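Descriptive analysis of the structure
Each chain is listed here by its residues.
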Amino acid sequence: MPIRQMKESSEQHLVIKTHIQNSMNPAQKAPKTAQNGKGPPPSPPTQEQQQQPHHNAKTHNQTSPPTKNRGRRRGRGGRKSDQGDVCLRPSSRHCTVAIKPECANLAGALVARTPNGSVENGANLCEMDVGFPTSSKSLSFAPRPGFGQVGTRCIVKANHFFAELPDKDLNQYDVTITPEVASRTVNRAIMAELVRLYKESDLGMRLPAYDGRKSLYTAGELPFAWKEFNIKLVDEDDGINGPKREREYKVVIRFVARANLHHLGQFLAGKRADAPQEALQILDIVLRELATKRYCPIGRSFFSPDIRTPQRLGDGLESWCGFYQSIRPTQMGLSLNIDMASAAFIEPLPVIEFVGQLLGKDVLSRPLSDSDRIKIKKALRGVKVEVTHRGSVRRKYRVSGLTSQPTRELVFPVDENATMKSVVEYFQEMYGFTIQHSHLPCLQVGNQKKANYLPMEACKIVEGQRYTKRLNEKQITALLKVTCQRPRDRENDILQTVQHQAYDHDPYAKEFGVKVSEKLASVEARILPAPWLKYHETGKEKNCLPQVGQWNMMNKKMINGMTVSRWACINFSRSVQESVARGFCNELAQMCQVSGMEFNPEPVIPIYNARPEQVEKALKHVYHASMNKTKGKELELLLAILPDNNGSLYGDLKRICETDLGLISQCCLTKHVFKISKQYLANVSLKINVKMGGRNTVLLDAISCRIPLVSDIPTIIFGADVTHPENGEDSSPSIAAVVASQDWPEVTKYAGLVCAQAHRQELIQDLYKTWQDPVRGTVSGGMIRDLLVSFRKATGQKPLRIIFYRDGVSEGQFYQVLLFELDAIRKACASLEPNYQPPVTFIVVQKRHHTRLFANNHRDRSSTDKSGNILPGTVVDSKICHPTEFDFYLCSHAGIQGTSRPAHYHVLWDENNFTADGIQSLTNNLCYTYARCTRSVSVVPPAYYAHLAAFRARFYMEPEMQENGTNGHSAKGTRASGESGVRPLPALKENVKRVMFYC
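Residues numbered from 1 in each chain as written. Predicted model: local features only at pLDDT ≥ 70, side-chain atom pairs only at ≥ 80, totals over all residues. Heavy atoms only, no water.

The chain carries the name Protein argonaute 10 in an unreviewed UniProt entry, which gives Ziziphus jujuba as its organism. In the Sequence similarities (unreviewed entry) part of its UniProt record, the chain is described as follows: "Belongs to the argonaute family. Ago subfamily." (UniProt positions renumbered as here; feature names shortened; annotations may be inferred.)

1. Description of the overall build of the chain
From N to C terminus, the chain includes 22 helices and 48 strands. In the chain, buried positions account for 55% of the 999 residues. When contacts within the chain are restricted to residue pairs at least 6 apart in sequence, long-range pairs at least 24 apart make up 75% of them. Split by element, the accessible area of the chain, about 43600 Å² in all, is 48% carbon and sulfur. (Helix = DSSP H or I, 4+ residues; strand = E, 2+ residues; numbered from the N terminus. Buried < 20%, exposed > 50% of the residue type's maximum accessible area, 1.4 Å probe, protein only. Contact = heavy atoms within 4.5 Å. Areas by Shrake-Rupley, 256 points an atom, 1.4 Å probe, with all protein chains shown as cover.)

2. Description of the pairing of strand β32 (residues 567–571)
Counting buried positions along β32 yields five of five residues, so the element is predominantly enclosed. With burial as the criterion, each face of β32 is covered, one bearing Trp567, Cys569 and Asn571 and the other bearing Ala568 and Ile570. In the sheet, β32 pairs with strand β35 (residues 637–642) via five bridges, with the strands oriented parallel. Each residue of the ladder has a partner; that of Asn571, found in β35, is Ile641. (Pairing = 2+ DSSP bridges.)

3. Points about helix α8 (residues 487–501)
In this model, α8 (15 residues) spans 21 Å end to end at C-alpha, consistent with the 21 Å of a helix rising 1.5 Å per residue. Within α8 the residues assigned to the buried category are Pro487, Arg490, Glu491, Asp493, Ile494, Leu495, Thr497, Val498 and Gln501. Residue Ala502 follows α8 closely and has a positive phi angle near 45 degrees. (Expected span 1.5 Å × (residues − 1).)

4. With respect to the state of the cysteines
Following the criterion strictly, the structure yields zero disulfides and no others. Free of any disulfide, Cys667 has its nearest neighbouring cysteine sulfur in Cys668, separated by 7.4 Å. When its relative accessible area of 13% is taken as the criterion, Cys667 is described as buried. (Disulfide = S-S within 2.5 Å.)

5. Some words on the confidence of the model for the chain
Residues at a pLDDT of 70 or more form 82% of the chain, whose mean pLDDT is 85. Per-residue pLDDT stays below 50 along residues 1–137; that stretch engages in 338 contacts with residues further than four places along the chain or on separate chains. Note that residues 960–979 has pLDDT below 50 and, in this model, 44 contacts with residues that lie over four places away or in other chains. (pLDDT = per-residue confidence, 0-100.)

6. Things to note about unusual backbone geometry
The peptide bond linking Thr178 to Pro179 adopts the cis configuration, its omega dihedral lying at -5 degrees. Within the secondary structure layout, Pro179 lies in the loop between β10 (170–178) and α1 (184–198). Backbone geometry at Val548 places phi at a positive 50 degrees, although glycine is not the residue there. Within the secondary structure layout, Val548 lies in the loop between β30 (543–544) and β31 (563–564). Judged by relative accessible area, Val548 falls into the partly exposed class, the value being 41%.

7. Focus: the packing of aromatic side chains
Within the structure shown, the criterion is met by 26 aromatic pairs. For the pair Tyr930 and Tyr944, a centre-to-centre distance of 4.5 Å together with 25 degrees between the ring planes defines the contact as stacked. Taken as a pair, Tyr930 in the loop between α18 (916–926) and α19 (941–953) and Tyr944 in helix α19 lie far apart in primary sequence, 14 residues in all. What makes Tyr930 buried here is its relative accessible area of 4%. Classification of Tyr944 by relative accessible area gives partly exposed; the value is 26%. (Phe/Tyr/Trp six-rings, centres within 6.5 Å; stacked < 30°, edge-to-face > 60°.)

8. Examining the pairing of strand β12 (residues 215–219)
In terms of residue burial, β12 counts as a mostly covered element, since five of its five residues are buried. Both faces of β12 are covered, namely the face carrying Ser215, Tyr217 and Ala219 and the face carrying Leu216 and Thr218. Sheet topology places β10 next to β12; five bridges connect them, and they run antiparallel. What sits directly across from Asp174, in β12, is Ser215. Alignment of strand β11 (residues 209–210) against β12, held across two bridges, turns out to be antiparallel. Looking across to β12, one finds that Ala209 is bridged to Tyr217. Between β11 and β12, which follow one another and run antiparallel, lie four residues, and Gly212 among them has a positive phi close to 85 degrees.

9. With respect to the pattern of salt bridges
The full count for this structure, using the stated rule, is 45 salt bridges. Arg196 is paired through a salt bridge with Glu193; the nearest N and O atoms lie 2.9 Å apart. Placement of both Arg196 and Glu193 in helix α1 is noted, with a separation of three residues, approximately one turn of the helix. Across the pair Asp274 and Arg272 runs a salt bridge whose closest N-O atoms are separated by 3.5 Å. Sharing partners across several salt bridges, the network here consists of Asp174, Lys214 and Arg254. (Salt bridge = Lys/Arg side-chain N within 4 Å of Asp/Glu carboxyl O.)

10. Things to note about the sheet that holds strand β45 (residues 853–855)
Taken together, the 11 strands give an open sheet; going across it, the order is β40-β39-β38-β43-β44-β48-β47-β46-β28-β8-β45, and neighbouring strands pair in mixed fashion. At either end of the open sheet lies a strand with only one pairing partner, and these are β40 (750–757) and β45. Averaged over all neighbouring strand pairs, the angle between strand axes comes to 30 degrees, with direction disregarded. Pairing of strand β8 (residues 152–158) with strand β28 (residues 521–527), which is carried by seven bridges, proceeds in the antiparallel orientation. Residue pairing for β28: Cys154 is matched across the bridge by Ala525. Strand contacts of helix α17 (residues 814–832): β43 (801–807), β44 (840–846) and β48 (903–910), with the helix running at about 140 degrees to β44, the strand carrying the most contacts. (Axes fitted to C-alpha atoms, helices over the stretch in contact; angles between N-to-C directions.)

11. Quick notes on the sheet that holds strand β36 (residues 665–669)
Strands sit in the order β34-β32-β35-β36 across an open sheet of four strands; the sheet is parallel. For this open sheet the edge positions go to β34 (608–609) and β36, each flanked by a neighbour on one side alone. Here β32 pairs with β34 via two bridges, running parallel. Within β34, the residue paired with Asn571 across the bridge is Asn609. Packed onto the sheet, helix α14 (residues 678–691) meets β35 and β36 and runs at close to 160 degrees relative to β36.

12. Examining the environment of Cys933
Residue placement: Cys933 occurs in the loop between α18 and α19. Accessibility expressed as a relative area gives 18% for Cys933, which makes it buried. Taking the C-alpha atoms as reference points, Cys933 and Gln550, separated by 383 residues in sequence, lie 9.1 Å from one another. Filtering out sequence-adjacent residues up to four positions away, Cys933 remains in contact with Trp551, Asn683 and Leu686.

13. Some remarks on the environment of Lys361
Following the sequence through the fold, Lys361 ends up in the loop between α4 (351–359) and α5 (370–380). With a relative accessible area of 32%, Lys361 lands in the partly exposed category. Within the local environment of Lys361, its side chain forms a polar contact with the side chain of Asp372, the two groups lying 2.6 Å apart. (Polar contact = N/O pair within 3.5 Å; in protein donor to acceptor, adjacent residues only side chain to side chain.)

14. Some remarks on helix α11 (residues 615–629)
Because the α-helix completes a turn every 3.6 residues, residues three or four places apart line up on one side. Taking 1.5 Å as the rise per residue, α11 with 15 residues should run 21 Å; its terminal C-alpha atoms sit 21 Å apart, in good agreement. Looking at α11, one finds that the buried residues are Val615, Ala618, Leu619, Val622, Tyr623 and Ser626. Along the long axis of α11, the arc covered by the buried residues comes to 130 degrees, so they all point the same way. The outward face of α11, more than 90 degrees from its buried face, is lined by the exposed residues Lys617 and Asn628. Buried residues along α11 sit in contact with β32, β34, β35 and α12 (649–661). Directly after α11, the chain includes Lys631, whose backbone phi takes a positive value near 55 degrees. (Arc of directions from axis to C-beta.)

15. Quick notes on a positive patch on the surface
A cluster of basic residues, Lys377, Lys378, Arg381 and Lys469, forms a positive patch at the surface. Relative to the helices and strands, Lys377 is located in helix α5. (Patch = residues over 30% accessible without salt bridge, like charges linked within 9 Å, V, L, I, M, F, W, Y side chains within 5 Å. Lys, Arg positive; Asp, Glu negative; His and termini not counted. Charge placed at Lys NZ, Arg CZ, Asp CG, Glu CD.)

This is the structure:
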């Protein structure tokens, strides 16, 4: 959906007309005949009618085969491609856009900062509302500037398997099934029956691959350009009464386009910048076809209880093992990325047994409470069950609800005269089935108008249903135990999966001429050196060189230790006695002092004991009591001791402290108070120091001004992330967070801002905003602008370079996010000062990918860390990376358990002209500056901090907002999304937003 930007009279925009380039040829329209299936389709089938299997068919209307010479295809499915205007705010160093004179199509926006600030090639400048297309090739991403050279060279293995490019024509056909079917499973059953009946005749021996929706793909042409088939399937999941019905479907197959494999070959060779998505999609579907038939497909992964024995997770859930599969364009050619996967599924138990596990009690003899009924209803709504009281007839239904009455009290009309019969009598007379546990409610299946009752004891949960709701702590722990594999074991499982899939015997791979290697890709890598860290001069160790990604605070003092003179402690844990709490506070104060802080050993007021349900009252009491004791001076720090299982207490405390009272707080769990660990106290002292505005350590190269493209001129580093509500929350807002460095040249302290925005909106709406003020007129604001101003106040200098790390963006959103957010950065800068446009480097950080790197020789201890993972600092920018774009994988951390996941960094835009070594070394070195521990971390800290801040801000939503989503309330001066129904978050207090409150 286009995003509407606010206009400003002083702004100018570079307008680029976009055309999406396509690499497929169009189909000639098939001649229309009286039997071509035109006209209104029958109404769609009900859910019970949309089920599997088979038999019988006839065909209509064969037309002549398509000819080889066809015109140029405009877009997928023969439709015109979208066209739109794309705006990029030109900087004082304007973009130079190369536009071919013969057409407005843009192969890529070439960035060149011209000395006079002009826009070349006669591009028009205009002011306009910006509409960002959902897919744009109007600008090319930053090209790879070369390969990195820094570091110790080594070989690693990656879970990528080389796939040979086929030499056959790939053809796309449009599939129309009437009546329309919503279920991919039923669609596949229809097409499988069609192929079974007509492969050797009408399909000309072709074995097509089908995406389950609208597209069918073949290697070579079918003997027709358009054809209609009639396919009959037996409806296995018909209603409760009557014999099974046979459903007939009309299937029309129509030629659409031919994929251009030459284009794909050129792209893989690095000779073209635009990826031929159609050809890649076809090959991906081809290699997924057999697995789709064998296993339970979910997203890009496949699961089965046969791959490994399912493990119980508790409360009626179990884990299924599976594998992820995706074809990717890489420098080595086509690559099949295979990884192991696990997911939670609902155990295929008898419903009564499932309910017993869910409630954790015997339900056969005791009646259910109202809360029990609500819990059961939530757990079973939408779940498919099959009946067990009819012998071999195992019809399936989806649960829509639960009766409020027990089964023995349920009656329903059996005829037009409204003769009533009880459910117990009906099942006894109709099926000879005696309901034993009539005190339990019945499941309701079907819709509200005609709901059917099914006794719980007559139902069993259908196998293969993924659980999509939130897991509890116990279930998460159990699932992690299953998924946590040492690198050697994971590598072996991946290899076994590839061998078991036997792609060389896959009939679809053979049909399309795709050959897949069974060997892991061997990749050249480099191990970047760890940076030297600077500590305070008064410590025994002034400088530190981390070893294998970690170090400790022994003999070191924080480089900028803060002073805590006024603090208090509030104890919400009943099991912690006052003497124990006092002892813990003394130990923590001592650790802070040893680490380099000045920490008053005595609290302002005695430790205050409070009940968790009175958190607000208790916090305000401590706040005001402390103010009275210090004659109006505010508390600098609040320590809070919480129960180990504290529900909403932690979130409530943070919300009240940070948005109401303006208190910096540090929470400690009861288990840590009783078992005082020096390591724990050291880590807590690190957190307290940065929350107070201090710095724990800095890069020695930063102090010495030796970091390329950071130390030379004032540079600000941003991190940004958006967190979305969990599955099942349909209206809760998404939370965006942006942090920015507030010191230079150290780039270690980060201030953060947060905002709520529309549900599942990935583009950060509040980066730049304007609003009308009755006195000041048009006012500019937004997170980028505020953080730039904050940097200027903190350092006395304005940033002359921007590095922007953006977390949480999928590949399909790269263009959208770059266009929208880069434009917002430009506008924020321009609003501060005319012609103020510092060069921007925009980098996407991805952790949710499936590339894993393994040591070349697991027995070589010098090439792995203690956990058996590759060494921290391992970077890969060749072979498995993008053919032309500027990306790299970096494993910056030492593994603890399981297999390390490298972070994937993709430089989308680079006006600072970083070399590969420059951005890789900067990113790796920053990973050693994370404030909360003495380890290098897996994601660059600004992105990590943004994630923490966004996660924290979800606690700021008021309880009803968290439960029910937004309520439409808006405030004066909020951005457009506030006006459209997203309630803005309560503002952070000024003293909070200046420090790293989210640590």
